[in-house]
Structure formats: C-alpha cells, structure tokens
Amino acid sequence: MAEAATNIANDPDEGWSLPAWTYSDPEFFEAEVDRVIRPSWQVVCHVGDVPNPGDFHTLDYAGESVVVVRGKGGVLHAFTNVCRHRGARLLDGPTGCARKLVCPYHAWTYDLDGRLTGVPMRETYAIDMADHGLKTVDLEVWRGFVFVRLEDDGGPSVARMMAPYEAEVEPYRFEELRAFGRVTLRPRAVNWKNVGDNYSDGLHIAVAHPGLKRLMGNGYGVEASAHVDKMWGPILDKPSANPSERAYQHFLPAVPHLPADRQRLWTYFKLWPNIAFDIYPDQVDFMQWLPVSPTECLIREIAYALPDDRREMQAARYCNWRINRQVNAEDTGLVQRVQDGMASQSFTVGPLSEQEVALRNFCRKIRHVIPEARQHRAPAPGWSRQPHGIS
C-alpha cells in the first residue's frame, strides 16, 4: 500500500467491519493477494539463520517461492526460486546450504549473487548470460529480521513502519536473537484476515482467554498506528491459580538488558498486513498468516531468544510455551467459529466498538485498497478487472 494510502480520513464505514463475503469470495481473494499481499513485506528468516556463504531460507507465498541466500561476500540476496531456462524450481526445502545454485533440470548454474555462470551447450543459445541472472526480490533487514517484498508500490520500509516503536524494541537486542526451536507451519481452514482480526482483537481477551486474564488482570491494552497495531499486558505479581502460569511468574528471572518497566511486560506488534512479533522478557515469537485460498491460510511461526543458560530462564521459557499453547488452542476454535458463522446469509457486516481501534484500522486500509469491500454483498463477477482507485 502506498504511503499516502495510510492517511485516510473521514471513512464513511469507520464503525463497521468488512463484509462477510470478503472472507470467502474467490475474486476478492485474488484482488487482495495482488493489491495487499504482493506489495507487502514478509519475513523470511533472521540473519542468524543464514550465517555462512551459501546458507539459504525459502518462503513460499502468493504463488511464488522466494529464496534468501548469503553471498560469498557476506551480503544477503533475495531471488525468486525459479530457473531462467524452463522455470524449474531451483532449491527444495525451507533451508539449506549450497556453493552454487544449480538447476536440477538442465544444470543451468548461478552464483550466490544470482549471476548466471554456467549453461550446458552454451554455444547453442542466442542469449547474453548477463541478461539471464535470477530475478531479484526487494530485501530489507530490520533489526536482524530479513524481509522480502514481491512488488514495490511505493509503500514504506519496515523501518518506517516500526519507527513509532523503535525505542520500545531497541532494548530487546533483536539483532542478537537466535532461533529457539524450528519453524512450524499450521494450516487453518479460515480466511487469512480472520486470523489477523483475532490477533488484534482486545475485547475477547477477558471472555475467551482465562489464562491471560489471570496473568494480566484488566491491564491488556490495544492501540493502532499507521502501519502497526500494538497490544500489551503486564504480568501481575499475584500468583495465578494455574500451575504453568504460577510457575512462569515464579521462575521468570530479571533480564539485565531490559528496563524496569519491561521486566514483566508482554508486548505484541502486528505489522500490516499479516506479521506479528510477540515480545516477552524471556523470548520473541514471530508469526505470520499466509493466504492460501479464500478459506484457507497457513500460520508460520518460530521463537527466537538470546542465549541464557540460567535454569530459571529455561523454566520460564517452557512455561511460556505451555501458556501460549493453550491460548493458541482457544484462538483456533474462536477463529473457526467466525469463519463458519460468516457463511450465513443473515450476516453481512458487524458494528465495531470505538475501542476496537486495530480492527477499525485494518478495515479502513483494506477498503482503501479494494473499495468494493464497502459493499455489503458481493458485486457481480468481474468487478476486480475494472479500473480501481480510491473511493
């Protein structure tokens, strides 16, 4: 989304959700992949995941496969994972290491910087080798995390998106984080927007997450900026009745590099449109929800942490995992309920509270990029192929 698109005022639908049809309609799904997902930044990995020349990580989304690889000079490169000869996929799997990128179909060979360096029977091709290197993809490293973008529509950098919160993030030493576990992929039979809506929804915490209510009391908060939603909750000193929660409160040790007001604070950041960082004193969890179809998405997540051999920290991280496993299970059921309910012809749009600032922000931005989202019922087929603009 272009920078100017975030300064949207006087939205006539400010107090309403997106209509139900936008969470299952194939044509709307194609439009938002083209206009929302392809121009947005997506996390592939952390610089610590690709420390050596030839180390690579791949990310498949929006019909593309993107590879991030460490070059021989230590520079990171991002390419589409596609050979320039017959379009074959070059690299398999989510991670690996390669001295060169060699196509398994006809052995076209590329250096780690994407240059085409080898073509069997080179004399039979009327090509300039310099014109057939791998197709590059926009790449940005923000505080150690590697982001890619399929299309540049003039939108802000990740650094600009997160600028309002840089002072809050800085003490956590993101650049020094290392993978704590492995990437997990969890398919969900729901539209990707429903996962994001739930993530930024603060009103359901007291109703549907008794564990978070016990840990945070009434301290959970939500705010929205131009490109980022922020949620937060302080961990209470009063021991929880739940064993895992009580153990987390007990074992969580002091973290020397964090200021006093963040020693027992959980903070969540959702970056437009589908990326989240859960920042705890003990670790940082990354999550993104990737669109697969109008009613399917893939949740991709991994935890990162700073090296800390203290037994108390190890215990706290284990309890954190147990607490959030339960929260995730609760959210999985909630999001499925919404997806199922939206199939009813009786539901079109729902009113949004003035406190639902993050949901209002997301709906406003979607309506700006895809004005047809203002219509309570799906328009006639073919609408997305008409010229579109700001309404």
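For the structure itself, consult the block above.
Now for a look at the structure at hand. No experiment lies behind these values; they were computed from the predicted model shown.

All right, on to empty space enclosed by the protein then. Taken as a whole, this structure holds four cavities of 30 Å³ or more when the rule is applied. Put simply, the second largest cavity is a space of about 60 Å³. Secondary structure elements with two or more residues in the lining of the second largest cavity: strand E13 (228-234) and helix H9 (357-369). The leading source of residues in the lining of the second largest cavity is H9, at three residues. Its residues assigned to classes, the lining of the second largest cavity comprises four nonpolar, two polar and three charged.

On to the packing of aromatic side chains, then. Ring pairs (aromatic) are described by centroid distance and by the angle formed between their planes. Taken as a whole and assessed by the stated rule, the structure comprises 21 aromatic pairs. Judged by centre distance (5.7 Å) and plane angle (40 degrees), the rings of Tyr-199 and Trp-289 are tilted. One end of the pair, Tyr-199, is in helix H4 (residues 192-199); the other, Trp-289, is in strand E16 (residues 284-293), and 90 residues separate them in sequence. The two residues Tyr-199 and Trp-289 agree in class, both being buried. In textbook terms, an aromatic cluster arises when at least three aromatic residues are bridged by ring pairs, as seen for Tyr-199, Tyr-220, Tyr-248, Trp-266, Tyr-268, Tyr-280 and Trp-289.

Turning our attention to the pairing of strand E9 (residues 138-142). Across five bridges, E9 lies against strand E10 (residues 145-149) in antiparallel orientation. Along E10, the bridge assignment pairs Trp-142 with Phe-145. Between E9 and the antiparallel strand that follows it, E10, lie two residues; Arg-143 among them carries a positive phi value of about 45 degrees.

In this section: the sheet that holds strand E14 (residues 265-271). Taken together, seven strands build an open sheet; the order of strands is E11-E17-E16-E15-E14-E13-E12 and the sheet is antiparallel. For this open sheet the edge positions go to strand E11 (178-188) and strand E12 (221-224), each flanked by a neighbour on one side alone. Looking at each pair of strands side by side, their axes are set apart by 15 degrees on average, direction ignored. Sheet analysis places E16 next to strand E17 (residues 296-305), joined by nine bridges and oriented antiparallel. Residue Leu-290 lies in a different strand from E17, and its bridge partner there is Leu-298.

Each value, and the rule that gives it
- Residues numbered from 1 in each chain as written.
- Predicted model: local features only at pLDDT ≥ 70, side-chain atom pairs only at ≥ 80, totals over all residues.
- Heavy atoms only, no water.
- 1 Å grid on protein atoms, 1.4 Å probe; cavity = no way out; pocket = protein on both sides within 12 Å on 5 of 7 lines; lining within 4 Å.
- Points joined across faces, edges and corners; volume = space filled by probe spheres on them.
- Helix = DSSP H or I, 4+ residues; strand = E, 2+ residues; numbered from the N terminus.
- Nonpolar A, V, L, I, M, F, W, Y, C, P; charged D, E, K, R; others polar.
- Phe/Tyr/Trp six-rings, centres within 6.5 Å; stacked < 30°, edge-to-face > 60°.
- Buried < 20%, exposed > 50% of the residue type's maximum accessible area, 1.4 Å probe, protein only.
- Pairing = 2+ DSSP bridges.
- Axes fitted to C-alpha atoms, helices over the stretch in contact; angles between N-to-C directions.

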